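# Secondary and tertiary structure notes
Listed below are the residues making up each chain.
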Amino acid sequence: MHTQPATQHQCRHNHGIGMLLVDIDNGKPQLDSRGNWQYYCLQEHHLFTVRPNEVEAAPAEDAQKVISLV
Ligand SMILES: [Zn+2]
């Protein structure tokens, strides 16, 4: 199952917004070796990663997904 990453994410170091790294060829998010999304911090110019399961999903939405898979 894949959660769709946000195109922007708050930098972990409170620098502001980071932009999602996307593969130019296929338009998919570039994942690191652990399957984390990668973001580029616009202010301090460094990469940081976000684990897909760290992103909070609405419980109701999750329940709907489970039902739709059955
Ligand atoms: Zn930063």
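Residues numbered from 1 in each chain as written. Predicted model: local features only at pLDDT ≥ 70, side-chain atom pairs only at ≥ 80, totals over all residues.

## Here we look at the environment of Asn53
Structurally, Asn53 can be placed in the loop between β4 (47–50) and α1 (59–69). C-beta crowding within 10 Å serves as the criterion here: with 10 such atoms nearby, Asn53 is assigned to the exposed category. Placed 17 residues apart in sequence, Asn53 and Asn36 show a C-alpha to C-alpha distance of 9.2 Å. (Helix = DSSP H or I, 4+ residues; strand = E, 2+ residues; numbered from the N terminus. Buried ≥ 20, exposed ≤ 12 C-beta atoms within 10 Å, placed from the backbone.)

## Description of the sheet that holds strand β2 (residues 17–20)
Across a sheet, paired strands are connected by hydrogen bonds in the backbone, their directions being either parallel or antiparallel. The strand order β1-β2-β3-β4 describes an open sheet built from 4 strands, whose pairing is antiparallel. Sheet topology places β1 (8–10) and β4 at the edges, where each strand pairs with a single neighbour. Averaged over all pairs of adjacent strands, the angle between strand axes in this sheet comes to 40°, irrespective of strand direction. Where β1 meets β2, 3 bridges bridge the pair, whose relative direction is antiparallel. (Pairing = 2+ DSSP bridges. Axes fitted to C-alpha atoms, helices over the stretch in contact; angles between N-to-C directions.)

## Examining the confidence of the model for the chain
Of the residues in the chain, 74% have a pLDDT of 70 or more, and the chain-wide mean is 83. The spread of mean pLDDT over the elements of the chain runs between α1, the lowest at 52, and β2, the highest at 97. (pLDDT = per-residue confidence, 0-100.)

## Looking at the environment of Met19
Tracing the chain through its elements places Met19 in strand β2. Separated by 21 residues in sequence, Met19 and Tyr40 place their C-alpha atoms 5.1 Å apart. Once residues within four sequence positions are removed from consideration, Met19 is found in contact with Thr7, Gln8, Tyr39, Tyr40 and Leu42. (Contact = placed C-beta atoms within 7 Å.)

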